[in-house]
Amino acid sequence: MSSGQATVYVVDDQVQIRTAIGSLCEETGHQVKLFASTDEFLTENISGGPSCLVLDVRFPGTSPTGLELQRRLADTGVPIPIVFISGHSDVRVSVEAMKRGAVEFLPKPFREQEILDAIRHGIERDRRRLEREDTVREARQRVETLTAREREIMLLMAEGLVAKQIAARLGVSEVTAKVHRARMMRKLELRTPIEVVRLIDSMGRETETTRAGAG
């Protein structure tokens, strides 16, 4: 999922600007989708692969503004990186956009290299996110293969307990605790206690991120 061709979504009501950005992105090997308004973009199913959204700040009529779309995407758990572009100098808007996680805020007119660099940073950010999600997904799949006892030992190891302490906590012999621990480590493809801690920590962070996005 984290590899492959990236998709760049360009949302701008000025046809010359969105087509120019689209052409630049196609020349650098990206798939491009163009939209004249935020309403149009909201009907799109976002690609599951690495992507970046180039988004104007203001739109005519009743279409949501760029900031409103940014908030809506965050509220619905769509973590696409956003590069804002704007023909209006508005410090308050740019500060709010960056606080909410925008990759860049570029005033029009901007240089070709500026927009390409910003898009590249956005795609790299999204690739890293997808790689983390892939890692956590694989880890969860391995954890699901553990027996109830092996999961207990995994959690106790994460607390820093050694085999003798684990055995005492579970009311089993130290040999039995070591056998279960070895099986658990083998199934998880881990070698050290610190790797167990990192595994549990990564799954916990992913869960909190998912809950925050859903909320």
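Residues numbered from 1 in each chain as written. Predicted model: local features only at pLDDT ≥ 70, side-chain atom pairs only at ≥ 80, totals over all residues. Heavy atoms only, no water.

(A) The overall build of the chain, seen in detail. For the chain, the count of helices and strands is 9 helices and 5 strands. For a compact globule of 215 residues, the expected C-alpha radius of gyration is about 17 Å, and the chain comes in at 23 Å, more than 25% above that figure. Each of the 215 residues in the chain was classed as buried or not, and the buried ones make up 41%. Taking as baseline every contact in the chain between residues at least 6 positions apart, the subset at least 24 positions apart corresponds to 65%. Here the chain has roughly 12,000 Å² of accessible surface; of this, 50% comes from carbon and sulfur atoms. Charged side chains of the chain number 32 positive and 32 negative; the gap between the two group centres comes to 9 Å. (Helix = DSSP H or I, 4+ residues; strand = E, 2+ residues; numbered from the N terminus. Rg over C-alpha atoms; globule rule 2.2 N^0.38 Å. Buried < 20%, exposed > 50% of the residue type's maximum accessible area, 1.4 Å probe, protein only. Contact = heavy atoms within 4.5 Å. Areas by Shrake-Rupley, 256 points an atom, 1.4 Å probe, with all protein chains shown as cover. Lys, Arg positive; Asp, Glu negative; His and termini not counted. Charge placed at Lys NZ, Arg CZ, Asp CG, Glu CD.)

(B) Just the sheet that holds strand E5 (residues 104–107), in detail. In spatial order, the strands read E2-E1-E3-E4-E5; together these 5 strands make up an open sheet with parallel pairing. The strands lining the two open edges of the sheet, one partner per strand, are strand E2 (31–35) and E5. For this sheet, the mean angle separating the axes of adjacent strands, direction not counted, is 15°. In the packing of helix H4 (residues 91–99) onto the sheet, the strands contacted are strand E4 (82–86) and E5, and the crossing angle to E5 comes to about 155°. (Pairing = 2+ DSSP bridges. Axes fitted to C-alpha atoms, helices over the stretch in contact; angles between N-to-C directions.)

(C) Representation of the UniProt feature "domain: HTH luxR-type" (unreviewed entry) in the chain within the structure. Here the UniProt-annotated "domain: HTH luxR-type" (unreviewed entry) positions come out as residues 139–204. In residues 139–204, helix accounts for 77% and strand for 0%; the two terminal C-alpha atoms are 12 Å from one another. (UniProt positions renumbered as here; feature names shortened; annotations may be inferred.)

(D) Spotlight on helix H3 (residues 66–75). Every buried residue of H3 is listed here: Gly 66, Leu 67, Leu 69, Gln 70 and Leu 73. Taken end-on, H3 shows its buried residues confined to a sector of 160°, consistent with a single buried face. Those residues of H3 that are buried lie in contact with helix H2 (38–41), strand E3 (51–56), E4 and H4. The positive-phi residue at the C-terminal boundary of H3 is Gly 77, with phi of around 75°. (Arc of directions from axis to C-beta.)

(E) Representation of the packing of helix H6 (residues 148–158) against helix H8 (residues 174–188). Where H6 meets H8, the axes come as close as 9 Å, and the angle between the chain directions of the two elements is 90°. By the angle between their axes, H6 is roughly perpendicular relative to H8. Seen from H6, the contacting residues are Arg 149, Glu 150, Ile 153, Met 154 and Met 157; seen from H8, they are Ala 177, His 180, Arg 181, Arg 183, Met 184, Met 185, Lys 187 and Leu 188. Among the residues making up the contact of H6 with H8, the classes are represented as 7 nonpolar, 1 polar and 5 charged. (Parallel < 35°, antiparallel > 145°, perpendicular 65-115°, else oblique. Nonpolar A, V, L, I, M, F, W, Y, C, P; charged D, E, K, R; others polar.)

(F) Representation of the pairing of E2 within the structure. Direction of pairing for strand E1 (residues 7–11) relative to E2: parallel, over a ladder of 5 bridges. Of the residues in E2, the one forming a bridge with Val 10 is Leu 34. Assessed by its sense of winding, the connection that carries the chain from E1 through helix H1 (residues 15–27) to E2 is right-handed. (Right-handed = clockwise from strand over helix to strand, strands pointing away.)

(G) Representation of the side chain of Asp 12. Its place among the elements puts Asp 12 in the loop between E1 and H1. For Asp 12, a relative accessible area of 0% gives the class buried. At 2.8 Å, the side chain of Asp 12 and the backbone nitrogen of Gln 14 are in polar contact. Among all residues touching Asp 12, those that are not within four sequence positions of it are Ile 17, Arg 18, Phe 35, Ala 36, Asp 56, Phe 59, Ile 85 and Lys 108. (Polar contact = N/O pair within 3.5 Å; in protein donor to acceptor, adjacent residues only side chain to side chain.)

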